[in-house]
Amino acid sequence: METLGHLMDGFGVALSWFNFLMVIVGVTLGLFIGAMPGLGSVNGVAILLPMIVQVPATSGIIFLGAIYYGAMYGGAISSIMLGIPGASTAVATTFDGRPMARKGLADQALVAAASASFVGGTISVVLFTMFAPPLAAVALKFGPPEEFALMLLAFATFIGLGGDDIPKTFFSIAIGLVLSAVGLDIVSGEPRLTFFDISGFLHGVNFLVLAIGIYGIGEILWTLETSGGKVEMSQATVSVKRILASLKKLIGSIWTMLMGSFLGFFVGILPAAGATPGSLMAYGLAKSLDKNPETFGEGNIKGVAAPEAANNAASTGSMLPMLTLGIPGSPTTAILLGGMVIWGLEPGPRLFETEPQFVWGLIASLYIANFFSLVVNIAFIPAFISVLKTPFTILAPIIFILCVVGGYAPTQDMHDVWLMFLFGVVGYLMRKLDYPMAPAVLAIVLGPLAETSMRQSLLMSSGSPAIFFNRPIAAAITVIAIILLALPLIKFFKNKRTS
Amino acid sequence: MTINKTVLAASAAVALSAALVAGPAAAWEPKKPVDFVIMAGKGGGADKMARLLQSVIDKYDLSSKPFVPVNKPGGSGAEALVHLNKTKGLAKDHTIMVTLNSFYTTPMRQPNLKVDPLTFTPIARMAEDTFCLWVHKDSGVKTVDEYVAAVKAKGDGGWLMGGTGKASEDNLLTNFLNRTYDLKIKYIPFKGGGGVAKALAGGNVHSSVNNPSEALGFYEAGTVLPIACFTPERIGLFPDAPTFKELGNDYSYFMQRSVVGAPGMSAEAAKWYQNLFQTVFTSDEWIDYRKKKALQGEYLTGKGLQEYWKVENDRHMKMLKEIGEI
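The rules behind these values
Residues numbered from 1 in each chain as written. Chains lettered and ligands numbered in written order. Predicted model: local features only at pLDDT ≥ 70, side-chain atom pairs only at ≥ 80, totals over all residues. Heavy atoms only, no water. Helix = DSSP H or I, 4+ residues; strand = E, 2+ residues; numbered from the N terminus. Rg over C-alpha atoms; globule rule 2.2 N^0.38 Å. Buried < 20%, exposed > 50% of the residue type's maximum accessible area, 1.4 Å probe, protein only. Contact = heavy atoms within 4.5 Å. Areas by Shrake-Rupley, 256 points an atom, 1.4 Å probe, with all protein chains shown as cover. Pairing = 2+ DSSP bridges. Axes fitted to C-alpha atoms, helices over the stretch in contact; angles between N-to-C directions. Phe/Tyr/Trp six-rings, centres within 6.5 Å; stacked < 30°, edge-to-face > 60°. Lys NZ or Arg CZ within 6 Å of the ring centre and 35° of its normal. Core = buried A, V, L, I, M, F, W, Y, C linked by side-chain atoms within 4.5 Å. Domains from an automatic or database assignment. Expected span 1.5 Å × (residues − 1). Arc of directions from axis to C-beta. Disulfide = S-S within 2.5 Å. pLDDT = per-residue confidence, 0-100. Polar contact = N/O pair within 3.5 Å; in protein donor to acceptor, adjacent residues only side chain to side chain. 1 Å grid on protein atoms, 1.4 Å probe; cavity = no way out; pocket = protein on both sides within 12 Å on 5 of 7 lines; lining within 4 Å. Points joined across faces, edges and corners; volume = space filled by probe spheres on them. Nonpolar A, V, L, I, M, F, W, Y, C, P; charged D, E, K, R; others polar.

Attention now moves to the overall build of chain A. Check the secondary structure of chain A and you find 21 helices and two strands. Computed over its C-alpha atoms, the radius of gyration of chain A comes to 22 Å, within 12% of the 23 Å expected for a compact globule of 499 residues. Dimensions along the principal axes, computed over C-alpha positions, put chain A at roughly 65 × 60 × 45 Å. Counting all 499 residues of chain A, 61% fall into the buried class. Partitioning the contacts of chain A with sequence separation of at least 6, the portion at a separation of at least 24 is 78%. Put simply, chain A shows about 18,400 Å² of open surface, and 72% of that area lies on carbon and sulfur atoms.

Here's what the structure looks like:
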């Protein structure tokens, strides 16, 4: 009940006219920041931070929080409409969102993304409100062995993707892992795999460069080939009736959304993970739990609902370690932390006591931001749909430019743009040969986290892998991961023998 | 070494001739947005500081052109150093960087970069960050003597020290403890000081050598405590933690938080940046930040800063040799 009282006070703060305005402007701005490839919430928040620190702390953080939120919704838009992930968190949304749009179901995909985002955001902000302190304690106990177990679980869900060819999946994961190893060896501090001593490799291969190459450039090449030059426009219409019908259809995905929300939230509260791994894991899990896993990647609405629920849930979740431990749960919260320092606040275990107005004002604003993101997003759907009616001859150059901007923006290095083109061509060829590309993207995101946590764990245990089994949380997750890994392998070899 | 001398001589000559040509003409001002490079990733200590500096510059309208932060964390700062080293033409006067001690150590460990930090243009040392030895409250350890006993009780390599990467400041300090007290502490690298603080608070490592600012949150919550600090005098925030000097080991270690310019920056531009950061240094925001983060170190610039770099560079050379990194 005490929590409820705090929350009511928080709403009092968040609903003051100025803060309310901040939320509305923030989510609308965030929607476009998220939808713009290469911008994304990390860069959006980083760019706006120095300006926004002029306003009082609570209003400022509410504004930035709303941008973060809006961007989570917005990221899905270019994933679905153009096949280019708008932000890193929306990569998984491309997997099924784009095929849906190709089938003329873009409006349905957009509604699914917005609704799933709303569900994910709401569930996680409620969890946040009720369980922040005990969850912070859990996040704190999560050491390198637990982190590695979790990463293992994520890879297991991707191997365990029923329909896909398992050796090809392994190959795709291996490529992603090698690319993720480029740059700096975090444990020894040495540069590695910096091919030809090109300095651009020192910062590693940014996974957005890979994702935009494969999905953006690859998409253009693919469309050119399949259409033989005569590109027909995607059939896309939108009406209130269709939106309502989409919502009805979504009810079948309610369990997927719930799963995505809880998974995303828990991955979000673990420092260093964040919304991108959360959404990829939710996609993998949704696919492996589904009765018809082979329909994923072909435009299954659940393939949109799962990652979108998860990335919004994770973005709220990642605010928990930020506020309670002073440690960012995602790259964007790392910047928000910087903002709090500039405002003179000391994020950490005592923030809830010392700055209740700030903390609860922010939490309450998340409820409001979540609701308005949904409203703004749905309201803009007709406008987004009209993009699809643009002839391909006009759309293709626009997609091309967005890809270049998106590849350049994260590191501001032309090197990454060339690399992106290379990935586009290679990705296109791999797609022709029927290699699944999603596992490569997963591997490049999770590879560094998995490698670091595994090496830290083995340092802690002087090289003994027993450390993954003799700590209770790590042991439980590791065992589940091994089972998930073993099942499809057994099935695969059995099938091989019988055929 | 002859190369360095030539570079130094050349840059001095350029600076001199530029000064002669320009004379006491109108003050220099940036002609395009300033590339404000950060030698570390988003959200780290250097990043937070850069964004604070940027907000102060913005707030007081100290520059007609914006300062645009660019993170270049690759290769322990190698990417950023190379970027500054390679600037040409107009960019030379419009590229500055927030730097740490990897400013010395990264070029030593990666000689193929061909970067000499002493050729960079000294703009301002904004502060020196301090270090303390931290333990979890539940360990029962309160003094360095108890710490030494506890480490020894764990056996060789049984005691885990969390730090921010190999050959980093934290690694050098761990080496100091091992050498001075004849210990076998095992060093585990984490990503960033915040991650180290969390690992200690969560009981995944036994001790850390965090900056005060990184451990402050958990210290105030009573989870961790500093048992000694690597400073010449006690830190105001932790009056109960002695210095290693008091304990008979005259050892202090700081991390610079400085702003440097690209090598070969024109003297007028350097002067302009030096004045700008001097103004920032005396702003209320910066004074407040220094106090909250227990930062020390006076403002240094020009020759003074270069002298300081020389001393620190030699010292780091020695320390890296000790741990066999070079």
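Before going further, it helps to spend a moment on the sheet that holds strand S8 (residues 207–208) of chain B. Within the open sheet, the five strands sit side by side as S7-S6-S8-S5-S9 (chain B). Their pairing is mixed. At either margin of the open sheet sits one strand with a lone partner, and together these are strand S7 (186–189) and strand S9 (224–229) of chain B. Pairing between strand S5 (residues 132–136) of chain B and S9(B): five bridges, direction antiparallel. Across the sheet, His136(B) pairs through a bridge with Val224(B), a residue of S9(B). Those strands touched by helix H20 (residues 438–460) of chain A are strand S6 (160–163) and S7 of chain B, and its axis lies near 170 degrees from that of S7(B). Packing of helix H5 (residues 144–153) of chain B onto the sheet brings it into contact with S5, S6, S8 and S9 of chain B, and relative to S9(B) it is tilted by some 105 degrees.

Residue and element names in this part refer to chain B. Going through the model one piece at a time under the given rule, you end up with 39 aromatic pairs over all chains. Ring geometry for Phe176 versus Tyr251: centroids 3.8 Å apart, planes at 10 degrees, classification stacked. Placement of the pair is Phe176 in helix H6 (residues 169–181) and Tyr251 in the loop between S9 and strand S10 (255–261), with a sequence separation of 75 residues. Under the relative-accessibility criterion, Tyr251 is labelled buried at 13%. One aromatic cluster in this structure is built from Trp28, Phe36, Phe67, Trp272, Tyr273 and Phe277. Lying over the aromatic face of Tyr308, Arg125 brings its terminal NZ or CZ to 4.6 Å of the ring centre. Residue placement shows Arg315 over the ring face of Tyr251; its charged tip is 5.7 Å from the ring centre.

As a further point, take the nonpolar core. Residues Met126(B), Tyr147(B) and Phe277(B) are the most contacted members of the largest nonpolar core, which totals 261 residues. The leading source of residues in this core is helix H6 (residues 106–141) of chain A, at 17 residues. Residues from two domains meet in this core; each of domain 1 (2–128 + 254–322) and domain 2 (132–229) of chain B gives at least three. Ignoring anything within four residues of it in the chain, the contact list for Met126(B) reads Met49(B), Leu53(B), Arg257(B), Ser258(B), Val259(B), Phe277(B), Val280(B), Phe281(B), Trp286(B), Arg290(B), Gly297(B) and Tyr299(B).

Right, let's talk about helix H18 (residues 392–408) of chain A for a bit. All names here are of chain A. In this model H18 runs 24 Å from its N-terminal to its C-terminal C-alpha over 17 residues, within 8% of the 24 Å that 1.5 Å per residue would give. Residues of H18 that are buried: Phe392, Leu395, Ala396, Ile399, Leu402, Cys403, Gly406 and Gly407. Here the buried residues of H18 occupy an arc of 130 degrees about the axis, which is enough to place them on one side. Exposed and facing more than 90 degrees away from the buried side of H18 are Thr393 and Ile401.

All names here are of chain B. Within the structure shown, the criterion is met by one disulfide over all chains. The partner cysteine of Cys132 in its disulfide is Cys229, sulfur to sulfur 2.1 Å. An S-S torsion of about 90 degrees defines the bridge between Cys132 and Cys229 as right-handed. Placement of Cys132 in strand S5 and of Cys229 in strand S9 is noted, with a sequence separation of 97 residues between them. With respect to burial, Cys132 and Cys229 carry one shared label: buried.

Glancing now at the confidence of the model for chain B. Per-residue pLDDT for chain B has a mean of 87; in total, 91% of the residues score no lower than 70. This stretch, residues 1–25 of chain B, has a pLDDT under 50; its non-local contacts, to residues over four places away or in other chains, come to seven contacts.

In this fold, Gln54(B) is placed in helix H2 (residues 45–59). Polar contacts involving the side chain of Gln54(B) include one to the main-chain carbonyl oxygen of Phe67(B), which spans 3.1 Å. In this view, Gln54(B) contacts Pro50(A), Phe36(B), Phe67(B) and Pro69(B); residues no more than four positions away in its chain are not counted.

Residues and elements named next belong to chain A. Tracing the backbone through its elements, the reader meets Ala87 in the loop between helix H4 (57–81) and helix H5 (91–102). In this structure Ala87 comes out as buried when scored by relative accessible area, which is 7%. Residues Ala87 and Pro37, spaced 50 residues apart in sequence, show a C-alpha to C-alpha distance of 6.1 Å. Not counting the four nearest positions on each side in its chain, Ala87 is found in contact with Gly34, Gly40, Gly75 and Leu208.

What follows is about the pairing of S10(B). Residue and element names in this part refer to chain B. Counting buried positions over the seven residues of S10 gives seven, a clear majority of the element. Of the two faces of S10, both are covered, the one formed by Met255, Arg257, Val259 and Gly261 as well as the one formed by Gln256, Ser258 and Val260. For strand S3 (residues 95–99) and S10, the ladder comprises four bridges, and the chain directions are antiparallel. The residue of S10 that forms the bridge with Thr99 is Ser258.

All names here are of chain B. For the coordinates displayed, the defined rule picks out two cavities of 30 Å³ or more. One number sums up the size of the second largest cavity: a volume of about 30 Å³. Leu172, Asn175, Phe176, Arg179, Tyr251, Met319, Glu322 and Ile323 together form the lining of the second largest cavity. Those elements that place two or more of their residues in the lining of the second largest cavity are H6 and helix H11 (302–322). Looking at which element gives the most residues to the lining of the second largest cavity, the answer is H6, with four residues. Considered class by class, the residues forming the lining of the second largest cavity number five nonpolar, one polar and two charged.

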